[in-house]
Amino acid sequence: SFSKSFDGFCDQLFLLPIYAAHEPMIEGVSSENLAKTMGSVNVKVIDGIPLAHEVVEKIGDFPEVILILGAGPLTQLAKDISELLVLRSAQRHTS
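The structure reproduced in this document is the subject of the present report. Just so it is clear, the model here is predicted, and its values are computed rather than measured. (Residues numbered from 1 in each chain as written. Predicted model: local features only at pLDDT ≥ 70, side-chain atom pairs only at ≥ 80, totals over all residues. Heavy atoms only, no water.)

1. Some points on helix 3 (residues 74-94)
Here comes step 1: Taking 1.5 Å per residue as the helical rise, helix 3 with its 21 residues ought to reach 30 Å, and the 30 Å between its terminal C-alpha atoms agrees with that figure.
Here comes step 2: Of all the residues in helix 3, the buried ones are Leu 74, Leu 77, Ile 81, Leu 85 and Arg 88. Down the axis of helix 3, the buried set is contained in an arc of 70°. They therefore lie on one face. Those residues of helix 3 that are exposed and angled more than 90 degrees off the buried face are Glu 83, Val 86, His 93 and Thr 94.
Here comes step 3: Among the structural elements, helix 2 (49-58) are those in contact with the buried residues of helix 3. (Helix = DSSP H or I, 4+ residues; strand = E, 2+ residues; numbered from the N terminus. Expected span 1.5 Å × (residues − 1). Buried < 20%, exposed > 50% of the residue type's maximum accessible area, 1.4 Å probe, protein only. Arc of directions from axis to C-beta. Contact = heavy atoms within 4.5 Å.)

What follows is the structure, given as structure tokens:
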């Protein structure tokens, strides 16, 4: 199942709220419930895009891969993360 597909492949997994896309919400489907089924993955549920920005800025190690799945405002979040990583990389090379 989807929830087990990250086992052994990521160090951290951040889940944002799940929203219905032009259809009714499915009862019982939420980021919190998904997190409970993730197995051995280090999962953190984040309550919205503004908090996601804060969490990403606090990540200490330079991640090798960031995968963003979703739609809507996640596109802007992906751009923001990309810009942050480029800035960090430049700072690293000038230090």
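2. Remarks on the side chain of Ser 31
Here comes step 1: Within the secondary structure, Ser 31 is located in helix 1 (residues 31-36).
Here comes step 2: For Ser 31, the residues in contact, after removing those within four places along its chain, are Leu 15, Leu 16, Pro 17, Ile 18 and Val 45.

3. So, the nonpolar core
Here comes step 1: Counting residues in each nonpolar core, the largest one holds nine residues, listed as Leu 16, Ile 46, Ala 52, Val 55, Val 56, Leu 74, Leu 77, Ile 81 and Leu 85.
Here comes step 2: Put simply, the parts of the chain that give this core at least two residues each are helix 2 and helix 3.
Here comes step 3: Looking at which element gives the most residues to this core, the answer is helix 3, with four residues.
Here comes step 4: Core analysis: the second largest hydrophobic core is formed by six residues, Phe 6, Leu 15, Met 38 and Val 41 among them. (Core = buried A, V, L, I, M, F, W, Y, C linked by side-chain atoms within 4.5 Å.)

4. A few points about a nonpolar patch on the surface
Here comes step 1: Where nonpolar side chains cluster on the molecular surface, the patch consists of Phe 2, Val 65, Leu 67 and Leu 69 and spans about 450 Å² of accessible area.
Here comes step 2: Inspection of the secondary structure puts Phe 2 in the segment before strand 1 (13-15).
Here comes step 3: Its relative accessible area of 47% is what places Phe 2 among the partly exposed residues. (Patch = residues over 30% accessible without salt bridge, like charges linked within 9 Å, V, L, I, M, F, W, Y side chains within 5 Å. Areas by Shrake-Rupley, 256 points an atom, 1.4 Å probe, with all protein chains shown as cover. Salt bridge = Lys/Arg side-chain N within 4 Å of Asp/Glu carboxyl O.)

5. Considerations on the packing of helix 2 against helix 3
Here comes step 1: The contact between helix 2 and helix 3 brings their axes to 11 Å, and the two run at 20°. Here helix 3 runs roughly parallel to helix 2, going by the angle between their axes. Helix 3 is crossed by helix 2, and the crossing has right-handed handedness. Every residue of helix 3 that contacts helix 2 at Ile 49, Ala 52, His 53, Val 56, Glu 57 and Lys 58 is listed here: Leu 74, Leu 77, Asp 80, Ile 81, Leu 84 and Arg 88.
Here comes step 2: Tallied by class, the residues present in the contact of helix 2 with helix 3 amount to seven nonpolar, one polar and four charged. (Axes fitted to C-alpha atoms, helices over the stretch in contact; angles between N-to-C directions. Parallel < 35°, antiparallel > 145°, perpendicular 65-115°, else oblique. Left-handed = near helix turned anticlockwise from the far one by under 90°. Nonpolar A, V, L, I, M, F, W, Y, C, P; charged D, E, K, R; others polar.)

6. Examining helix 2
Here comes step 1: For helix 2, the full list of buried residues reads Ala 52, Val 55 and Val 56. Buried residues in helix 2, looked at end-on, bunch into an arc of 95°, giving them a common side. More than 90 degrees from the buried face of helix 2, the exposed residues found are Pro 50, Glu 57 and Lys 58.

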